[in-house]
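# Structural features, examined
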Amino acid sequence: METMGPTTGEPVRIGPPVGGQRRRLALAGVRGHVTKGRDFTRQALRDWNWDGNATADDTLLLVSELLTNASLHADGCLELVLTGGDDVLRIEVFDGTTTLPRRNPTPRQGLPGGHGLYIVERLSDRWGTRVHDHGKAVWAEIEASRLASGRPAGS
């Protein structure tokens, strides 16, 4: 089944992604980019029948953390890319710096800040970075089987 995309007006397949579907959201200079990125991701999960469960909620938190980290530590987000395939959902946040993220070795218990990459690590099945000509992408992957079943990370 196909419907029109919310931002592009192009047809979007409804149902689990087959062979890989990619959705892109430009975020350079966008106000409220974390909310927009979450809404964009929520719609993709809904379209791909990966919504309404604990893993979908974890995915939205993961997107929020990646976007927030880019905003706080990498001079802002340029783009959010979601690639849904038969086996995995890949989330990529592009920014304009080549400085690699590093986990805070001693996050302060009960205090805000310093927990972002720990959350990314706990909620994703894999994560990492890749440098490109204009900066880097921080990516995270969630197994499609977890999204379909709603099974949380580590179970």
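This write-up is about the structure you can find in this document. (Residues numbered from 1 in each chain as written. Predicted model: local features only at pLDDT ≥ 70, side-chain atom pairs only at ≥ 80, totals over all residues. Heavy atoms only, no water.)

### Quick notes on helix H2 (residues 54-73)
Along its 20 residues, H2 runs 28 Å from first to last C-alpha, staying within 8% of the 28 Å computed at 1.5 Å per residue. Sitting at the head of H2, asparagine 53 places a side-chain oxygen 3.0 Å from the backbone nitrogen of threonine 55. Positioned one or two residues after H2, aspartate 75 has a phi angle of 60°, which is positive. (Helix = DSSP H or I, 4+ residues; strand = E, 2+ residues; numbered from the N terminus. Expected span 1.5 Å × (residues − 1). Polar contact = N/O pair within 3.5 Å; in protein donor to acceptor, adjacent residues only side chain to side chain.)

### What about the packing of aromatic side chains?
Applying the stated rule across the entire model yields 1 aromatic pair. Measuring from centroid to centroid gives 5.8 Å for tryptophan 48 and tryptophan 50, while their planes differ by 75°, and the two rings are edge-to-face. The exposure class assigned to tryptophan 48 is buried, which follows from its relative accessible area of 0%. (Phe/Tyr/Trp six-rings, centres within 6.5 Å; stacked < 30°, edge-to-face > 60°. Buried < 20%, exposed > 50% of the residue type's maximum accessible area, 1.4 Å probe, protein only.)

### Details of the pattern of salt bridges
Tallying each qualifying case throughout the model produces 11 salt bridges. The salt bridge partner of arginine 23 is aspartate 47, with a shortest N-O separation of 2.9 Å. You can see arginine 23 sitting in strand E3 (residues 21-26) and its partner aspartate 47 sitting in helix H1 (residues 33-47), a full 24 residues away along the chain. The exposure classification of arginine 23 matches that of aspartate 47, with both residues buried. With its nearest N and O atoms 3.9 Å apart, the salt bridge here joins arginine 46 to aspartate 51. A relative accessible area of 40% places arginine 46 in the partly exposed class. Shared partners join several salt bridges into a network, and the residues in it are Arg90, Glu92, Arg126, Arg130, Glu141 and Glu143. (Salt bridge = Lys/Arg side-chain N within 4 Å of Asp/Glu carboxyl O.)

### Notes on the sheet that holds strand E5 (residues 88-95)
Judged by pairing direction, the sheet is antiparallel, and its 5 strands sit side by side in the order E3-E4-E5-E7-E6 without closing on themselves. Each edge of the sheet is formed by a strand with only one pairing partner; in this case those strands are E3 and strand E6 (126-132). On average, each strand axis in the sheet is inclined to that of its neighbour by 15°, with strand direction left out of account. Note: E5 against strand E7 (residues 135-143), 8 bridges, orientation antiparallel. (Pairing = 2+ DSSP bridges. Axes fitted to C-alpha atoms, helices over the stretch in contact; angles between N-to-C directions.)

### A closer look at the nonpolar core
Among soluble globular proteins, nonpolar side chains are generally buried collectively. Within the largest apolar cluster, 27 residues are counted, with the highest numbers of intra-cluster contacts made by Leu62, Leu66, Leu80, Leu82, Leu89 and Ile91. Mapped onto this core, the elements with two or more residues apiece are H1, H2, strand E4 (77-84), E5, helix H3 (116-123), E7 and helix H4 (144-149). Top element by residues in this core is H2. It accounts for 7 residues. The residues contacting leucine 89, other than those within four sequence positions of it, are Leu45, Trp48, Trp50, Thr59, Leu82, Thr83, Gly84, Ala140, Glu141, Ile142 and Leu147. (Core = buried A, V, L, I, M, F, W, Y, C linked by side-chain atoms within 4.5 Å. Contact = heavy atoms within 4.5 Å.)

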